[in-house]
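The lines below spell out each chain.
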Amino acid sequence: MSLADELQKLRQLRDAGTLTEEEFELAKDRLLQAPAAAAPAPQIVVPEINLLKEVDPAVTRVADKAVNFQGVTGVISTIVILVVAMFILFVGCSMVGAMNDDFPGGSDNGPFGSSGLCDQPGVTCR
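Thresholds, definitions, all that
- Residues numbered from 1 in each chain as written.
- Predicted model: local features only at pLDDT ≥ 70, side-chain atom pairs only at ≥ 80, totals over all residues.
- Heavy atoms only, no water.
- Salt bridge = Lys/Arg side-chain N within 4 Å of Asp/Glu carboxyl O.
- Buried < 20%, exposed > 50% of the residue type's maximum accessible area, 1.4 Å probe, protein only.
- Axes fitted to C-alpha atoms, helices over the stretch in contact; angles between N-to-C directions.
- Helix = DSSP H or I, 4+ residues; strand = E, 2+ residues; numbered from the N terminus.
- Parallel < 35°, antiparallel > 145°, perpendicular 65-115°, else oblique.
- Contact = heavy atoms within 4.5 Å.
- Nonpolar A, V, L, I, M, F, W, Y, C, P; charged D, E, K, R; others polar.

### Some details on the pattern of salt bridges
- With the rule as written, the count across this model stands at three salt bridges.
- For Glu21, the salt bridge goes to Arg14, with nearest N and O atoms at 3.6 Å.
- By relative accessible area, which is 24% here, Arg14 ends up partly exposed.
- One network of salt bridges, in which partners are shared, links Arg14, Asp15 and Glu21.

Put into structure tokens, the structure is as follows:
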């Protein structure tokens, strides 16, 4: 009920003789001095939605397959990367070993120069 409606009711009670002039003025002052009552906030009704119940089962099956596919491709790509890394490591080690055999003095002389053992007096290198 608005303030104007309240004042009108008080005026009607005064005019009908139910309230004296002093009672009317006192009630009117109380109404005017009282903090305005906050208007009730409009209530927004949000229906409860359970997405799991309302989603088509076919859509959930497709989503599950997509998640499973991502997991499988992640595992496969990790395995492929490990195999390639092992191959590169094996080929690299083989090449270094072959390079050592190509240098004079056999495996004692590496690609970075003499090992220093063959330079010693009384040491025979193969």
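### Comments concerning the packing of helix H1 (residues 3-16) against helix H2 (residues 21-33)
- With their axes 10 Å apart at the nearest point, H1 and H2 run at an angle of 175° to one another. Classed by the angle they form, the pair H1 and H2 counts as roughly antiparallel. The residues of H2 that touch H1, namely those facing Leu3, Glu6, Leu7, Leu10, Arg11 and Arg14, are Glu21, Phe24, Ala27, Lys28, Leu31 and Leu32.
- Here the residues of the contact of H1 with H2 sort into seven nonpolar, no polar and five charged.

Don't take any of this as a statement about function, it's just geometry.
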